[in-house]
Amino acid sequence: MSSIQMVDLQSQYTKIKTEIDGAIQEVIDQTGFINGPQVKKFAAELSEYTGASFVIPCANGTDALQIAMMALDFKKGQEVIVPAFTYVATVEVIALLGLKPIFIDVDPDTFQLDINQLEEIISPNTVGIVPVHLYGQCSEMESILSIAKKHGLKVIEDTAQAIGSKYSFSNGKSAQAGTMGDIGTTSFFPSKNLGCFGDGGAIFTNDATLAEKIQTIANHGQKQKYIHETIGVNSRLDTLQASILSVKLKYLDTYSEARQKVAASYDEAFGDVPQIQTPKRVLNSTHVFHQYTLKVKDSLRDNLKQYLQALGIPSMVYYPIPVHLQKAYQQFDYAEGDFPISERLCEEVISLPIHTEMKEEDQAYIIQSVLKFFKDGK
């Protein structure tokens, strides 16, 4: 048996090698390495795919979040609501801009922002909400958007793990992750469902004025070269990465289907194991399974991880420490016990290998190993 990977990028590349190599060679031949035509081409293709009116590529997903908040004119000291159970980048940019993160706990089953707690933490100083579409499915966007509208708040969707996921509203309409709030952001880190061969990101909006502002900020605050209207940053998607993403975007739905097939096999295998809980689906959202994340009960998570590692099976814990307990964020005066669900999840969650090129024999081995662990009472 070959080495099992959390994400098998080599096999994925091999399948589309001719297309990828041709796209890269085209950029080299044209030598348009910065803001070449492939960047605009990819932005147009992603706009068509997602349904977002405007797509502004940028250097990475963290930049996308920062630029979004800059474009919305959030001021120092204002509050932005963000889940305590998320990757640090979501909170990092809030702190870097001098804003105050107001943490909220998550649903224990879906891992998404707990909408039942949302209104009670809104204050006169709150300006925004950042729902994180964690692990591959959408947050409860209908409720979030309704509450945001009621209180005059902006909504920035962190879609780094859920590109391609679709959310259905009660009126029958549906929309892609990242296209429902004021601004959506995503990352093209190589292991993402739509990943490039380095760093990359994008920002989505349906507002033409916001789109122009975002584009200006991302380009040193200039619309015209050497004429700077506002303070901006330097954040752009490399032409080479855009050319790769154009190829891979054609396969994104196929990639999602492959991940969903792997997830379904895991679900079936683990559904009757009392010590673990398989991923619960948000009722109104599809799941594209950036991660397949189990909850392990009875304090067995770390033992399971070590057991799998000894058998050559990788796994990951996303995330081992909630953001409000990280040393870097102690300045915001949160303490252990403030967000009990997030804190407990950090002790229970474990993500198993899932990717577009998963071999049936590899998954069977993973399943058999997990089942044996619980059967033997490790």
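Residues numbered from 1 in each chain as written. Predicted model: local features only at pLDDT ≥ 70, side-chain atom pairs only at ≥ 80, totals over all residues. Heavy atoms only, no water.

Structural notes on helix 5 (residues 89-96)
Looking at helix 5, one finds that the buried residues are A89, T90, V91, V93 and I94. Each element contacted by the buried residues of helix 5 is listed here: helix 4 (61-71), strand 2 (79-83), strand 3 (100-104) and strand 5 (154-158). (Buried < 20%, exposed > 50% of the residue type's maximum accessible area, 1.4 Å probe, protein only. Helix = DSSP H or I, 4+ residues; strand = E, 2+ residues; numbered from the N terminus. Contact = heavy atoms within 4.5 Å.)

Some points on the pairing of strand 1 (residues 54-58)
Two faces belong to every sheet, and in a regular strand the side chains alternate between them. For strand 1, the buried fraction is high: four of the five residues fall into the buried class. Across five bridges, the pairing between strand 1 and strand 9 (residues 201-205) is antiparallel. Paired with V55 across the bridge in strand 9 is F204. (Pairing = 2+ DSSP bridges.)

Points about the sheet that holds strand 13 (residues 292-296)
Spatial strand order, 12-13-14: three strands in an open sheet with antiparallel pairing. Looking at the sheet topology across the chains shown, the edges are occupied by strand 12 (276-277) and strand 14 (349-352). In this structure, strand 12 lies alongside strand 13, joined through two bridges in antiparallel fashion. Within strand 13, the residue paired with I276 across the bridge is V296. Sheet strands in contact with helix 9 (residues 252-270) are strand 12, strand 13 and strand 14, and its direction is about 20° off that of strand 13. Contacts from helix 10 (residues 301-310) reach strand 13 and strand 14, with the element oriented near 25° to strand 14. (Axes fitted to C-alpha atoms, helices over the stretch in contact; angles between N-to-C directions.)

Some thoughts on the packing of helix 9 against helix 12 (residues 360-375)
Viewed as axis vectors pointing N to C, helix 9 and helix 12 meet at an angle of 30°, and their least axial separation amounts to 11 Å. If you check the angle between helix 9 and helix 12, you find them roughly parallel. The chirality of how helix 9 crosses helix 12 is right-handed. Of the residues in helix 12, those touching helix 9 at K261, V262, S265, Y266, A269 and F270 are E360, Q363, I366, I367, V370 and L371. (Parallel < 35°, antiparallel > 145°, perpendicular 65-115°, else oblique. Left-handed = near helix turned anticlockwise from the far one by under 90°.)

Focus on the sheet that holds strand 3
Sheet architecture is open: seven strands sit in the order 1-9-8-5-4-2-3, paired in mixed fashion. Of all the strands in the sheet, just strand 1 and strand 3 have a single pairing partner and so form its edges. Sheet twist, expressed as the average angle between the axes of neighbouring strands with direction ignored, equals 25°. In the sheet, strand 2 pairs with strand 4 (residues 126-129) via three bridges, with the strands oriented parallel. Residue pairing in the sheet places V80 in a bridge with G128 of strand 4. In this fold helix 7 (residues 208-218) packs onto strand 1, strand 8 (183-187) and strand 9, with an angle of close to 15° to the strand it touches most, strand 1.

A few points about the pattern of salt bridges
According to the stated counting rule, one finds 13 salt bridges in the structure shown. Among the ionic pairs, E357 bridges to K15, the shortest N-O distance being 3.0 Å. One end of the pair, E357, is in the loop between strand 14 and helix 12; the other, K15, is in helix 1 (residues 9-15), with 342 residues separating them in the sequence. For E357, a relative accessible area of 13% translates into the label buried. One network of salt bridges, in which partners are shared, links E212, K223 and E229. (Salt bridge = Lys/Arg side-chain N within 4 Å of Asp/Glu carboxyl O.)

Side note on the packing of aromatic side chains
Under the definition given, this model contains 19 aromatic pairs. Ring centres 6.1 Å apart and planes at 70° place the aromatic pair F85 and Y319 in the edge-to-face group. Taken together, the positions of F85 in the loop between strand 2 and helix 5 and Y319 in the loop between helix 10 and helix 11 (340-348) put the pair 234 residues apart, joining distant regions of the chain. The class of Y319 is buried, set by a relative accessible area of 11%. Here a set of aromatic residues connected by ring pairs shows up, and it is made of F85, Y87, F111, Y135, Y318 and Y319. The positively charged end of K225 is found above the aromatic ring belonging to Y226, 4.9 Å away from the centroid. (Phe/Tyr/Trp six-rings, centres within 6.5 Å; stacked < 30°, edge-to-face > 60°. Lys NZ or Arg CZ within 6 Å of the ring centre and 35° of its normal.)

Note that every value here comes from positions in space, so none of it alone points to a role or purpose.
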